[in-house]
Amino acid sequence: MSSTPTLKTKPLLWTRLTVLILFMMLFWSSCSQQTNPLIVDDQAQGSTEPALEEIVIPIRVHILRSAESSHLNCLCTEAQITAWFDVVNTIWSSAAIRWDLESFVYEEANNAAEFDRIVELGRDADPGDRHSVVHSMYPLDQRLAPGWNIFFINRMAFGGGVYNPETKSVLIGETSPGGDLNPSILAHELGHSLGLQHLREPYNLMAGRQPGIEPRDKIRLNPEQVARARTIAKSGDAFGGSR
């Protein structure tokens, strides 16, 4: 007789446990489908902003050759340069700017002996002398003007590259004291051609040397930089004047 209540109670207990388990499963399922409200707000804000229209910038590539200076005699190929610019365009896609290789021009470098002299002096070279020599060795008669131009040499003696607002030209080496060409440095120098200055902002494309941060990781652009770069890009000519 005493076993009868037990037999009646167990089915009721299992029913209640089953309902409780189902309720908890529904509860956790609902929670897992909810998104962080901060992310929702960011996505909502981003979705209301119109996408930037892509700006295509033609750039003429000058490959310098020299029988007198191994530093100036660039041996990089058009395929290598195209691959570097593929990475550059990935970086600049955040500003909806794309660099289009307008043409490749092969030219003889000027003042090879003077350039080698500056290379030998290294950091001991007078800054003014170094500036004038470095920017006198690339010819200007086949420049794209107005427009953007980049000159490739074999090896930069100091830094990875440089932009000269006077000639509106980027000079960059296939190699430098820091190693082989890093496309983020190329993207950085092109940033100067779009009127961007150096700044101290972690991981920013236009930042200088930052301890613990590799050049390849400095690829960010802030909204002010994007606006400035797009303004210069729309003008149809590289930035000139004091940086």
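Above this note sits the structure.
Below or above, wherever it landed, is the structure these notes cover.

Each value, and the rule that gives it
- Residues numbered from 1 in each chain as written.
- Predicted model: local features only at pLDDT ≥ 70, side-chain atom pairs only at ≥ 80, totals over all residues.
- Heavy atoms only, no water.
- Helix = DSSP H or I, 4+ residues; strand = E, 2+ residues; numbered from the N terminus.
- Contact = heavy atoms within 4.5 Å.
- Buried < 20%, exposed > 50% of the residue type's maximum accessible area, 1.4 Å probe, protein only.
- Polar contact = N/O pair within 3.5 Å; in protein donor to acceptor, adjacent residues only side chain to side chain.
- Expected span 1.5 Å × (residues − 1).
- Arc of directions from axis to C-beta.

### A word on the environment of Gly 208
Relative to the helices and strands, Gly 208 is located in the loop between α6 (183-193) and α7 (223-235). A sequence separation of 20 residues divides Gly 208 from His 188, and the C-alpha atoms of the two residues are 9.7 Å apart. Leaving out residues up to four positions away in the same chain, Gly 208 has contacts with Leu 199 and Lys 218.

### Some words on the side chain of Ser 169
For Ser 169, the location among the structural elements is in strand β5 (residues 169-176). Residues in contact with Ser 169, not counting those within four places in the same chain, are Tyr 138, Arg 143, Asn 149, Phe 151, Val 162, Tyr 163 and Asn 164.

### Describing the side chain of Ser 193
Along the chain, Ser 193 turns up in helix α6. Residue Ser 193 is classed as buried on the basis of its relative accessible area, which comes to 1%. A polar contact of 3.0 Å, which involves the side chain of Ser 193, links it to the side chain of Trp 148. Ignoring sequence-local partners within four residues, the contact set of Ser 193 consists of Trp 99, Trp 148, Tyr 163, Ile 232, Ala 238 and Phe 239.

### Comments concerning α7
End to end, α7 covers 19 Å across 13 residues, agreeing with the expected 18 Å (1.5 Å per residue, within 8%). Taken together, the buried positions of α7 are Gln 225, Val 226, Ala 229, Arg 230, Ile 232 and Ala 233. All buried residues of α7 lie within an arc of 165° about the axis, which places them on one face of the element. Along α7, the residues that are exposed and aim more than 90 degrees away from the buried face are Pro 223, Glu 224 and Lys 234. Where α7 begins, the capping side chain belongs to Asn 222, and its oxygen is found 3.1 Å from the backbone nitrogen of Glu 224. Following α7 by one or two positions, Gly 236 has its phi on the positive side, about 85°.

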